[in-house]
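What follows is each chain in one-letter form.
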Amino acid sequence: MRKELVDKIKANPDYQHLVKTRSAFAIKLTITMLVVYFAFILTIAFEPSLLGTPLSADSVTTIGIPIGMVIIVFAFILTGIYTKRANSEFDDLTNKIKKSVKEN
Amino acid sequence: MNNMNRIFLFLILGSIAVLASGTIEGEIVKQALNVPAIVMFVIFVGATLGITYWAAKRTKSAKDFYTAGGGITGFQNGMAIAGDYMSAASFLGISGLVYAKGYDGLIYSIGFLVGWPIILFMIAEPLRNLGKYTFADVASYRLKQTPIRTLAASGSIATVILYLIAQMVGSGKLIQLLFGLQYEVAVILVGVLMILYVTFGGMLATTWVQIIKAFLLLSGATFMALAVMAHYDFSFGSLFAQAVEMKGLAVMSPGGLVSDPISAISLAIALMFGTAGLPHILMRFFTVGDAKEARKSVFYATGFIGYFYILTFIIGFGAIVMVFKNPQYLDLAKEAVSGGSPILGGNNMAAIHLSHAVGGDFFLGFISAVAFATILAVVSGLTLAGASAISHDLYASVIKKGKADGMAEMRVSKIATVILGIIAIIMGIMFEKQNIAFVVGLAFAIAASANFPILFLSMYWKNLTTRGAVIGGSIGLATAVALVILGPIVWVQILGNAEAIFPYKYPALFSVTAAFIGIWFFSITDKSHDAEAEREAFEAQYIRSQTGIGAEGASEH
């Protein structure tokens, strides 16, 4: 990529907006996933009996089982949220940037 | 081309002959000939060889060979990625772990899954926008080709060979047990079929074999889980109550899998970053047309993999209630020696026995054939990734300095495939009686400690220099290997020493940290003229990684 093109794209407000919003969004989602997962794994390391609490007095099913299932579903939902926004909003911005590069 | 078709036909006939002679031998030796399994397996092999023949006609350029021409859709690629991840080891291993330890199996599954969202948020898009055939394309984008490609290729080849050993040994034992074939025959059969798929059909055949297998595996596992749940009127409460009656309350809570915080965090890091450094997975992102399809791939892959882990959890519990203490599946000889109701073939056979319990001989045959198909598909993807590292990174970029023509490069990767296939067969036979429990862990540790830090920092950190990447990446690689050797599995269980020098089973926390610190320190202290140029080149690279301007597109077919 030529130096002038790099400078031009860098100065493009759409590009700045894209990089800023997408990075913030991706970092937020990454941190959410890490917090959920490490909360789970550290509970197992420090307080495993917590996940072994029965759901109700007469049930053998422990709270750890729905929690585990929810984490699996949660991971999938996060990827859905990111993909949906990236494939519409972020891709529109990207196409706008590409068009403005082509025009000159 | 005509000549190639003739060789191809010859090899098909040859491999059928191997299969046929093997089954006869198996009949004599083991008498455990599983006819429905063999029939279904032969159908699978026939169909996949047909696909390979079709793919071979469409594989004309190096781009076709490495990336299926870049024309795979997000949905197809998601299925193929899920297929790469749902190896026989994870299907049988995780359901076996749930069968043996209950809840602990779920902890493992979750660790394997949570890396995927992070790959999507951080890696998938820049990877697709910057690379062409291998992840080393991205790592070496603005750094010096020779040292970075050499290191990245070493990391890839090491990961691939370790993974291949684990798959080959597992496949030999599994096939021996399921089909009554001899161990060596099984390993050679897997090796020969894999070489056929990859050399003739390239990425196109490898992807479709993977997609078909993923579909079969998900269907089979769904049927098993439904059959188990139907038995308990679709009530998890009654299934778990029965399981607790069989094995006690311990199966419902975390057990001894991760006992101390350091091991817990270290395992988490290995699973998360290791996934993002596996060359055969990263390579799949180049088979789709653009960043949009790359994102969709991860979305579908995460869905399929998550669904699969929920199924294996149900299957593991199904095995507790239907296989455990069922006299039909007990290993009486072993029970007489050690007690404790062991099942035939060990805990990893829990899902296989369950398939018989819910669907009889026919369904057992189906699941056995699917397990074999799974091994074939996974080793093919691995071998293709290893061969690409040899031909695209070492041959074309390091030896030929980027001046090799596409056809020569493709020829080298086909030769590399055959060599890797032969290495896999030899290693598979050599390691038959070895304890290979550490092998997959080591592969993940290397992927997390050498491949991932270089890839990640090359995408996001402006100040990364060649010197930093090479020294830091090597530190990560060396630390991972050394700590696995000094750890409890190799040092104590295999080498027979009394106490481990490094007390933890999973080295990732230490080796990944060492790699990042090494890369950081040797980059910021790099004051050379080249380092300055590498930092300056970051802006242009970042723009391409974010927007895809200048990225590789799909080829027309």
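Because the structure is a prediction, the values reported are computed rather than measured. (Residues numbered from 1 in each chain as written. Chains lettered and ligands numbered in written order. Predicted model: local features only at pLDDT ≥ 70, side-chain atom pairs only at ≥ 80, totals over all residues. Heavy atoms only, no water.)

Focus on the overall build of chain B
Move 1: Each helix and strand in chain B was counted, giving 23 helices and zero strands.
Move 2: Taking 24 Å as the expected radius of gyration for a compact globule of 557 residues, we find that chain B reaches 23 Å, a close match to that expectation.
Move 3: Taken along its principal axes, the extent of the C-alpha atoms in chain B is 75 × 60 × 45 Å.
Move 4: Here chain B holds 557 residues, and the buried ones make up 61% of them.
Move 5: Residue pairs in contact within chain B that sit at least 24 positions apart in sequence constitute 83% of those at least 6 positions apart.
Move 6: Total accessible area on chain B is roughly 19,100 Å²; 67% of this is exposed by carbon and sulfur atoms.
Move 7: Here chain B carries 33 positive and 29 negative side-chain charges, and the mean point of each set is 6 Å from the other. (Helix = DSSP H or I, 4+ residues; strand = E, 2+ residues; numbered from the N terminus. Rg over C-alpha atoms; globule rule 2.2 N^0.38 Å. Buried < 20%, exposed > 50% of the residue type's maximum accessible area, 1.4 Å probe, protein only. Contact = heavy atoms within 4.5 Å. Areas by Shrake-Rupley, 256 points an atom, 1.4 Å probe, with all protein chains shown as cover. Lys, Arg positive; Asp, Glu negative; His and termini not counted. Charge placed at Lys NZ, Arg CZ, Asp CG, Glu CD.)

Description of the pattern of salt bridges
A side chain with one charge can pair with a side chain of the opposite charge if their charged atoms come near.
Residue and element names in this part refer to chain B.
Move 1: Going through the model one piece at a time under the given rule, you end up with 16 salt bridges over all chains.
Move 2: In this structure, the salt-bridge partner of Asp 530 is Lys 144, at a minimum N-O distance of 3.3 Å. In this pair, Asp 530 sits in helix α22 (residues 529-536) while Lys 144 sits in the loop between α8 (135-139) and α9 (145-179), placing the two residues 386 residues apart along the sequence.
Move 3: Asp 530 gets classed as partly exposed once you look at its relative accessible area, which sits at 37%.
Move 4: Its relative accessible area of 37% is what places Lys 144 among the partly exposed residues.
Move 5: A salt bridge links Lys 144 to Glu 534; the nearest nitrogen and oxygen atoms lie 3.8 Å apart. (Salt bridge = Lys/Arg side-chain N within 4 Å of Asp/Glu carboxyl O.)

Section: a nonpolar patch on the surface
Move 1: Residues A:Val73, A:Phe76, A:Ile77 and A:Ile81 make up a contiguous nonpolar surface patch of roughly 310 Å² in combined accessible area.
Move 2: As for its placement among the helices and strands, A:Ile81 is situated in helix α4 (residues 64-103). (Patch = residues over 30% accessible without salt bridge, like charges linked within 9 Å, V, L, I, M, F, W, Y side chains within 5 Å.)

Digging into helix α14 (residues 291-322) of chain B
Residues and elements named next belong to chain B.
Move 1: Counted at 1.5 Å a residue, the expected span for α14 with its 32 residues is 46 Å, and the 46 Å between its end C-alpha atoms agrees.
Move 2: Counted residue by residue, α14 has 26 buried out of 32 residues, so it is predominantly covered.
Move 3: For α14, the capping residue at the N-terminal end is Asp 290, with a side-chain oxygen 3.2 Å from the backbone nitrogen of Lys 292. (Expected span 1.5 Å × (residues − 1). Polar contact = N/O pair within 3.5 Å; in protein donor to acceptor, adjacent residues only side chain to side chain.)

Quick word on the interface of chain A and chain B
Move 1: At the interface, 49 residues of chain A touch 48 residues of chain B.
Move 2: Looking at the side of chain A facing chain B, the largest losses of area belong to A:Tyr37, A:Val60 and A:Ile72, adding up to 14% of the total buried there.
Move 3: Scanning the region where chain A abuts chain B turns up four salt bridges.
Move 4: Connecting chain A to chain B are eight residue pairs in polar contact (both at pLDDT 80 or more).
Move 5: Among the elements of the structure, α1 (3-11), α2 (13-46), α3 (48-51) and α4 of chain A are those that each provide at least two residues to the side of chain A that touches chain B.
Move 6: Of all the elements, α4(A) adds the most residues to the side of chain A that touches chain B, at 20 residues. (Buried area = accessible area lost by both parts, 1.4 Å probe.)

Section: the packing of aromatic side chains
Move 1: For the structure on display, the rule yields 35 aromatic pairs over all chains.
Move 2: Taking 5.0 Å as the distance between ring centres and 15 degrees as the angle between the ring planes, the aromatic pair formed by A:Phe76 and B:Phe299 counts as stacked. Taken together, the residues A:Phe76 in helix α4 and B:Phe299 in helix α14 connect one chain to another.
Move 3: When its relative accessible area of 31% is taken as the criterion, A:Phe76 is described as partly exposed.
Move 4: Ring geometry for B:Tyr108 against B:Phe112: centres 5.7 Å apart, planes inclined by 45 degrees, an arrangement best described as tilted. (Phe/Tyr/Trp six-rings, centres within 6.5 Å; stacked < 30°, edge-to-face > 60°.)

Examining the packing of helix α6 (residues 103-113) of chain B against helix α12 (residues 261-275) of chain B
All names here are of chain B.
Move 1: Taken N-terminus to C-terminus, the directions of α6 and α12 make an angle of 40 degrees; their axes are 8 Å apart at the nearest point. When the interaxial angle is binned, α6 and α12 end up oblique. Where α6 abuts α12, its residues Tyr 108, Gly 111 and Phe 112 lie against Leu 267, Leu 271 and Thr 275.
Move 2: Of the residues belonging to the contact of α6 with α12, the class tally is four nonpolar, two polar and no charged. (Axes fitted to C-alpha atoms, helices over the stretch in contact; angles between N-to-C directions. Parallel < 35°, antiparallel > 145°, perpendicular 65-115°, else oblique. Nonpolar A, V, L, I, M, F, W, Y, C, P; charged D, E, K, R; others polar.)

Considering the packing of α4(A) against helix α7 (residues 115-130) of chain B
Move 1: For the pair α4(A) and α7(B), interaxial distance at closest approach is 8 Å and the crossing angle is 35 degrees. Here α4(A) contributes A:Ala75, A:Leu78, A:Thr79, A:Tyr82 and A:Thr83 to the contact with α7(B), which in turn contributes B:Pro117, B:Leu120, B:Phe121 and B:Glu125.
Move 2: Partitioned by chemical class, the residues of the contact of α4(A) with α7(B) number six nonpolar, two polar and one charged.

Describing the confidence of the model for chain B
Move 1: Per-residue pLDDT for chain B averages 88, and the proportion of residues at 70 or more is 93%.
Move 2: Reported confidences for the modelled complex are a pTM of 0.90 and an ipTM of 0.94. (pLDDT = per-residue confidence, 0-100.)

Describing the nonpolar core
All names here are of chain B.
Move 1: Grouped together as the largest cluster of nonpolar side chains are 211 residues, with contacts concentrated most on Phe 41, Ile 123, Leu 127, Phe 179, Tyr 309 and Phe 317.
Move 2: Looking at this core, the element that brings in the most residues is helix α10 (residues 183-231), giving 26 residues.
Move 3: Aside from chain neighbours lying at most four places away, what touches Phe 317 is Val 98, Gly 102, Leu 239, Phe 240, Ala 243, Val 251 and Met 252.
Move 4: Judged by nonpolar contacts, the second largest core, of nine residues, contains Leu 143, Leu 151, Leu 457 and Leu 464. (Core = buried A, V, L, I, M, F, W, Y, C linked by side-chain atoms within 4.5 Å.)

Quick notes on unusual backbone geometry
As a rule of thumb, non-glycine residues mostly have phi less than zero, and peptide bonds are mostly trans rather than cis.
Residues and elements named next belong to chain B.
Move 1: Positive phi, normally seen in glycine, also occurs at Ala 68, with a value near 55 degrees.
Move 2: Counting through the fold element by element, Ala 68 comes out in the loop between α3 (62-67) and α4 (74-85).
Move 3: By relative accessible area, Ala 68 is classed as buried at 9%.
Move 4: Residues other than glycine seldom take positive phi values, yet Lys 325 does so here, at roughly 65 degrees.
Move 5: For Lys 325, the location among the structural elements is in the loop between α14 and α15 (332-338).
Move 6: Relative accessible area serves as the criterion here: at 47%, Lys 325 is assigned to the partly exposed category.

Looking at the environment of B:Arg149
All names here are of chain B.
Move 1: Inspection of the secondary structure assignment puts Arg 149 in helix α9.
Move 2: Since its relative accessible area comes to 7%, Arg 149 is described here as buried.
Move 3: C-alpha of Arg 149 to C-alpha of Phe 299: the two residues are 150 residues apart in sequence and 30 Å apart in space.
Move 4: With sequence-adjacent residues up to four places away left out, Arg 149 is seen in contact with Thr 134, Ala 136, Asp 137, Ser 140, His 392, Asp 393, Leu 394, Ser 397 and Val 398.
Move 5: Polar contacts involving the side chain of Arg 149 include one to the side chain of Ser 397, which spans 3.3 Å.

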